[in-house]
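Chain and residue survey
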Amino acid sequence: MKTKVYEYKNCSTCRKALKYLESKKVDFEDLPIRETPPKKTELKKMLGYLNGDSKRLFNTSGGDYKELSLKDKLPKMSLEEQFDLLSKNGNLVKRPFVLGENFGLVGFKEDEWDKIFG
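Here's what I pulled together on the structure shown here. Everything numeric in this text was worked out from a predicted model, so none of it was measured.

Parameters and conventions
Residues numbered from 1 in each chain as written. Predicted model: local features only at pLDDT ≥ 70, side-chain atom pairs only at ≥ 80, totals over all residues. Heavy atoms only, no water. Phe/Tyr/Trp six-rings, centres within 6.5 Å; stacked < 30°, edge-to-face > 60°. Pairing = 2+ DSSP bridges. Helix = DSSP H or I, 4+ residues; strand = E, 2+ residues; numbered from the N terminus. Axes fitted to C-alpha atoms, helices over the stretch in contact; angles between N-to-C directions. Parallel < 35°, antiparallel > 145°, perpendicular 65-115°, else oblique. Left-handed = near helix turned anticlockwise from the far one by under 90°. Contact = heavy atoms within 4.5 Å. Nonpolar A, V, L, I, M, F, W, Y, C, P; charged D, E, K, R; others polar. Polar contact = N/O pair within 3.5 Å; in protein donor to acceptor, adjacent residues only side chain to side chain. Core = buried A, V, L, I, M, F, W, Y, C linked by side-chain atoms within 4.5 Å. Buried < 20%, exposed > 50% of the residue type's maximum accessible area, 1.4 Å probe, protein only. 1 Å grid on protein atoms, 1.4 Å probe; cavity = no way out; pocket = protein on both sides within 12 Å on 5 of 7 lines; lining within 4 Å. Points joined across faces, edges and corners; volume = space filled by probe spheres on them.

Regarding the packing of aromatic side chains
For the structure on display, the rule yields eight aromatic pairs. Through a chain of ring-to-ring contacts, three or more aromatic side chains come together here, namely Tyr-20, Phe-103, Phe-108, Trp-113 and Phe-117.

Some details on the sheet that holds strand β3 (residues 97-99)
Reading across from one edge, β2-β1-β3-β4 is the order of the four strands in this open sheet, with mixed pairing throughout. Only two strands of the sheet have a single partner each, and these edge strands are β2 (28-32) and β4 (104-106). With strand direction ignored, the average angle separating the axes of adjacent strands in the sheet is 15°. Bridge count for strand β1 (residues 3-7) against β2 is five bridges, and the pairing is parallel.

Here we look at the packing of helix α1 (residues 12-23) against helix α6 (residues 110-117)
Packed helix pairs are specified by the crossing angle of their axes together with the interaxial distance, meaning the distance between the axes. Interaxial distance between α1 and α6 falls to 12 Å at its minimum, and their mutual angle equals 30°. The angle between α1 and α6 places the two elements in the roughly parallel class. Judged by the twist between their axes, the crossing of α1 over α6 is right-handed. Contacts between α1 and α6 involve Ala-17, Tyr-20 and Leu-21 from the former and Glu-110, Trp-113, Asp-114 and Phe-117 from the latter. Grouping the amino acids of the contact of α1 with α6 by side-chain chemistry returns five nonpolar, no polar and two charged.

A few points about the side chain of Glu-42
Turning to its location among the elements, Glu-42 is positioned in helix α2 (residues 40-49). A distance of 2.6 Å separates the side chain of Glu-42 from the side chain of Tyr-6, its partner in a polar contact. The residues contacting Glu-42, other than those within four sequence positions of it, are Lys-4, Tyr-6, Phe-97 and Leu-99.

Considering the nonpolar core
In this structure, Met-46, Leu-57, Phe-58, Leu-86 and Phe-97 are the most contacted members of the largest nonpolar core, which totals 23 residues. Looking at this core, the elements that each hand over two or more residues are α2, α5 (79-88) and β3. Per-element accounting of this core gives the leading share, three residues, to α2. For Phe-58, the residues in contact, after removing those within four places along its chain, are Tyr-65, Leu-70, Leu-74, Gln-82, Leu-86, Leu-92, Val-93 and Lys-94.

Description of the layout of surface pockets
Estimates place the volume of the largest pocket at around 170 Å³. Along the lines of polarity and charge, the residues of the lining of the largest pocket split into three nonpolar, two polar and six charged.

Let's talk about the packing of α2 against α5
The contact between α2 and α5 brings their axes to 9 Å, and the two run at 120°. When the axis of α2 is compared with that of α5, the two are oblique. Judged by the sense of rotation from one axis to the other, the crossing of α2 with α5 is right-handed. From α2, Lys-40, Leu-43, Lys-44 and Leu-47 reach across to α5, where they touch Leu-79, Glu-80, Phe-83, Asp-84, Leu-86 and Ser-87. The residue inventory of the contact of α2 with α5, partitioned by class, reads five nonpolar, one polar and four charged.

See below:
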């Protein structure tokens, strides 16, 4: 499986992450997160890598998250409802969202990424 990187071109963190991957010569598929959000199956797979912490799937600093008052609503939502929201609105997904054969990463923290790509 080729590593999938869901990112937003106007996101500086995403640009740093892509430069990082290129510097490590990682073969990856670059996907625009707003136009093609991760599928529910990918979100569920990622949740496993995040120890079941679904809040980490969300871009909590994003405008859509705040506009939808998800800070208050999220704790009351089922996982299926959360996956439904995320799979339909890429702005809600924490980015970059990276899925590989046996790993998943959200956000860009170089030390975490070094453990996978170092």
